[in-house]
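Overview (structure and organization)
Below are the chains, spelled out letter by letter.
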Amino acid sequence: MSTLCLKNGRVFDPINKIFNKKKDIYIEDGKITEVSNGKISETIDCNNKIVMPGAIDLHTHIGGGKVNIARLMLQEFHNNSDNDYDLTADFVPSTLKTGLQYIKMGYTSCFEPAVLPINARQSHAEMADTPFIDKGGYALLGNDDFLLDLISRGAHQSEINDYVAFILKATQCIGIKVVNPGGINAFKFNQRALNVDENSVRYKITPRKIVRVLARAVYELGVPHPLHVHCSNLGVPGNFKSTIETIKAAEGLPVHITHIQFHSYGNNGDRNFSSASAEITEYINKIPNLTCDVGQVLFGQTATMSGDSMKQHANHSHAHPDKWLCMDIECEAGCGVVPFKYTDQSFVNALQWAIGLETFLLTEDPDKIFLTTDHPNGAPFTSYPHLIKLLMDKTFRDNLLDQMSVDISKHTILKDIKREYTLSEIATMTRSAPAKILGLKNKGSLSKDADADITVYDSSIKDIEEMFANPTHVIKDGIVVVKDGEIKKYTWGKTQVVKPEYDTAIEKKLKKYFDKYHTIALPNYKISNDEMSEVIGSDINEVECIRKRIS
Ligand SMILES: [Zn+2]
């Protein structure tokens, strides 16, 4: 058996509490092995190098209807170079470029957070066409008529659990996400806002109820990833109160709040827009089962794309360039695409930038917060190395704050925060912590038998942004796929899924519903394992679910 050895690197492996320790790593047959069992066939000298597990992005819009709509809508921004390796500019890159850009940054697993169940086939086809990385999707529920009808009729929790498990299996997803709980459905009945304790006119149920029921279903089915929640009132000044109420709605069950920056706004001051990061991070720090990702805003042209058609509609007047779209598929949920340019000449955009950074820096435990820009909503994922530098270098971020076109210094506490993230904390937040809350036991780790997804950085590069943007080696499943910025070999990752068990009696009810309302028959809605591997083109890896009960 051939063995690859990474020799003498400074290893960061948070799961094993290894931080900045000189260590040799051995790889055999795509896995990490503790000691070399055979002849070492290749050695990579990692002197003056940093060795970490491959990075994991748990929230990035890389596949599905809304991404393709944005690609079509914003063709003028595409880099039309014939050279696939020319990676400049795109903020909604093609599937090929998405894979190339991620792997060249040392990311080896990425998760699409908004898979509309009816559109899951399309999402998986795009992700299967994205080279190198492992991937997975979160299925959207909480605005679909079938679930809202079950809740409004007072269905037993076990029936709801069966439906949620059916959706996970049928769509080949790894988690459940709820976007603006009940709000997207209410929008179709002409409601233009829906607060956490407000009834929808159609179903007479509140977002609080939907969050509670779904968080419980995900928990009881034993799905490792907690309910992934995009809160009510996205982007609305003063929304931090409804964000806190949404957190409370889970009643202590595990919950993940996504792009929390967009939900941490106060309405104080002469502009009626202020930072509420202190109030929000107080909750993150004190509630044990709560995690979040940030959705950092960085300046430049991008496109916002969200399942939250209610809020995308509300924001359409800000579209830059001036074109936008909202749509809905089979009344399951919707999406909205609004291109947007963040600029430091805008008080609101500049403060959004500061609120995101405050949130990162005030959250004490790097196991509870994840590095995201909600790609491409806050900025393209290619800006992660810049974001890491902002977190690790106080002088750098203070200088950028001083150079802003608008003076926001009286509105942010950023300069009072002395904290600089360490390499160990960055390794935790981008490797071990996302693996843990996704239930990926073989990822984000350099333990024996873990998947050999590894990134090597050159620690002699003094600029931290440059170092994180240019790993010297990226290894995927034991194969060196990137060396000194060059692609050495194309590989194709797997799709990570969960399949909790359920009572198939729910499918009788679903069949009636599908026959009456859907354009697709129930059997055709389901994506089988064979279809994933033979038609869509991605093998699956099933992550274990262990059922739990709430008394
Ligand atoms: Zn998102």
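All of the points below concern the structure found in this document. (Residues numbered from 1 in each chain as written. Predicted model: local features only at pLDDT ≥ 70, side-chain atom pairs only at ≥ 80, totals over all residues. Heavy atoms only, no water.)

Once that is clear, we can look at the coordination of the zinc ion. When a metal carries six donors in an octahedron, the ideal angles between them are 90 or 180 degrees, while four donors in a tetrahedron ideally lie at 109.5 degrees. For the zinc ion, the protein coordination sphere consists of His59 (NE2), His61 (NE2) and Asp374 (OD), at 2.1 Å. Along the chain, the residues donating to the zinc ion are arranged with the sequence spacing H-x1-H-x312-D. Taken individually, His59 and His61 each receive the classification buried, so the pair is uniform in this respect. (Donors = N, O, S within 2.8 Å, 3.2 Å for Na, K, Ca; no water. Buried < 20%, exposed > 50% of the residue type's maximum accessible area, 1.4 Å probe, protein only.)

Looking now at empty space enclosed by the protein. Enumeration according to the criterion identifies five cavities of 30 Å³ or more in this entry. Here the largest cavity defines a volume of roughly 80 Å³. Around the largest cavity, the lining is made up of 13 residues, and of these Phe146, Tyr163, Glu332, Tyr513 and His518 lie nearest the centre. For the lining of the largest cavity, the secondary-structure elements that each account for two or more residues are helix 4 (145-152), helix 5 (157-171) and helix 16 (506-517). Per-class residue counts for the lining of the largest cavity are eight nonpolar, one polar and four charged. Approximately 50 Å³ is the volume found for the second largest cavity. Counting residues per element, the lining of the second largest cavity draws most heavily on helix 12 (residues 384-392), which supplies three residues. (1 Å grid on protein atoms, 1.4 Å probe; cavity = no way out; pocket = protein on both sides within 12 Å on 5 of 7 lines; lining within 4 Å. Points joined across faces, edges and corners; volume = space filled by probe spheres on them. Helix = DSSP H or I, 4+ residues; strand = E, 2+ residues; numbered from the N terminus. Nonpolar A, V, L, I, M, F, W, Y, C, P; charged D, E, K, R; others polar.)

In this structure the tally under the stated criterion is 16 aromatic pairs. Summarising the aromatic geometry, the rings of Tyr107 and Tyr384 are spaced 5.5 Å apart at their centres and angled 45° between planes, so their arrangement reads as tilted. Residue Tyr107 is located in strand 7 (residues 107-115), and its partner Tyr384 is located in helix 12; the two are separated by 277 residues in the primary sequence. With relative accessibility at 1%, the residue Tyr384 sits in the buried group. Its guanidinium or amino end placed over the ring of Tyr283, Lys286 lies 4.4 Å from that ring's centre, counting from NZ or CZ. (Phe/Tyr/Trp six-rings, centres within 6.5 Å; stacked < 30°, edge-to-face > 60°. Lys NZ or Arg CZ within 6 Å of the ring centre and 35° of its normal.)

Let us look at the layout of surface pockets. As a volume, the largest pocket reaches approximately 540 Å³. In this structure, the largest pocket is lined by 29 residues; those nearest its centre are Gly235, Phe262, Asn315, Tyr342 and Gln352. Put simply, the parts of the chain that give the lining of the largest pocket at least two residues each are strand 15 (300-306), strand 17 (333-342) and helix 11 (347-362). Across the lining of the largest pocket, the residue classes tally to 11 nonpolar, 15 polar and three charged.

On to helix 2 (residues 95-104), then. Of all 10 residues making up helix 2, nine are buried, and the element is well covered by its neighbours. Within helix 2, the full set of buried residues consists of Thr95, Lys97, Thr98, Gly99, Leu100, Gln101, Tyr102, Ile103 and Lys104. At the C-terminal side of helix 2, Gly106 shows a positive phi close to 85°.

All right, on to the sheet that holds strand 17 then. The three strands lie next to each other as 15-17-16, forming an open sheet whose pairing is antiparallel. Where the open sheet ends on each side, the last strands, each with one partner, are strand 15 and strand 16 (325-329). When the angles between neighbouring strand axes are averaged without regard to direction, this sheet yields 15°. Sheet topology places strand 15 next to strand 17; seven bridges connect them, and they run antiparallel. (Pairing = 2+ DSSP bridges. Axes fitted to C-alpha atoms, helices over the stretch in contact; angles between N-to-C directions.)

A few words now on the packing of helix 4 against helix 5. It is the contact of helix 4 with helix 5, at a shortest axis distance of 10 Å, that shows an interaxial angle of 170°. One way to sum up the angle between helix 4 and helix 5 is to call them roughly antiparallel. Residues Phe146, Leu147, Leu150 and Ile151 of helix 4 touch helix 5, and the partners they reach there are Glu159, Ile160 and Tyr163. The class makeup of the residues in the contact of helix 4 with helix 5 is six nonpolar, no polar and one charged. (Parallel < 35°, antiparallel > 145°, perpendicular 65-115°, else oblique. Contact = heavy atoms within 4.5 Å.)

Looking now at helix 8 (residues 240-249). Of all 10 residues in helix 8, seven are buried, a share of seventy percent or more. Taken together, the buried positions of helix 8 are Phe240, Ser242, Thr243, Ile244, Thr246, Ile247 and Ala249. Along its buried surface, helix 8 packs onto helix 7 (207-220), strand 10 (227-230), strand 11 (255-257), strand 12 (265-266), helix 9 (277-286) and strand 14 (290-293). Glu251 sits one or two residues past helix 8 and shows a positive phi near 50°.

Turning next to the pattern of salt bridges. Following the criterion strictly, the structure yields 29 salt bridges and no others. Residues Arg419 and Glu425 are paired through a salt bridge, measuring 3.2 Å at the closest nitrogen-oxygen approach. Close ionic contact of Asp451 with Lys443 constitutes a salt bridge, the shortest N to O distance being 2.9 Å. Using a relative accessible area of 13% as the deciding quantity, one classes Asp451 as buried. (Salt bridge = Lys/Arg side-chain N within 4 Å of Asp/Glu carboxyl O.)

A few words on the nonpolar core. The biggest cluster of nonpolar side chains holds 137 residues, and the ones touching the most others in it are Tyr163, Phe166 and Phe468. Take this core: its biggest share by element is nine residues, from helix 11. Phe468 has contacts with Met52, Met105, Pro385, Ile388, Met392, Leu423, Ile426 and Tyr457, leaving out every residue within four places of it along the chain. Of all hydrophobic cores here, the second largest spans 17 residues; its members include Leu4, Ile27, Cys46 and Val480. (Core = buried A, V, L, I, M, F, W, Y, C linked by side-chain atoms within 4.5 Å.)

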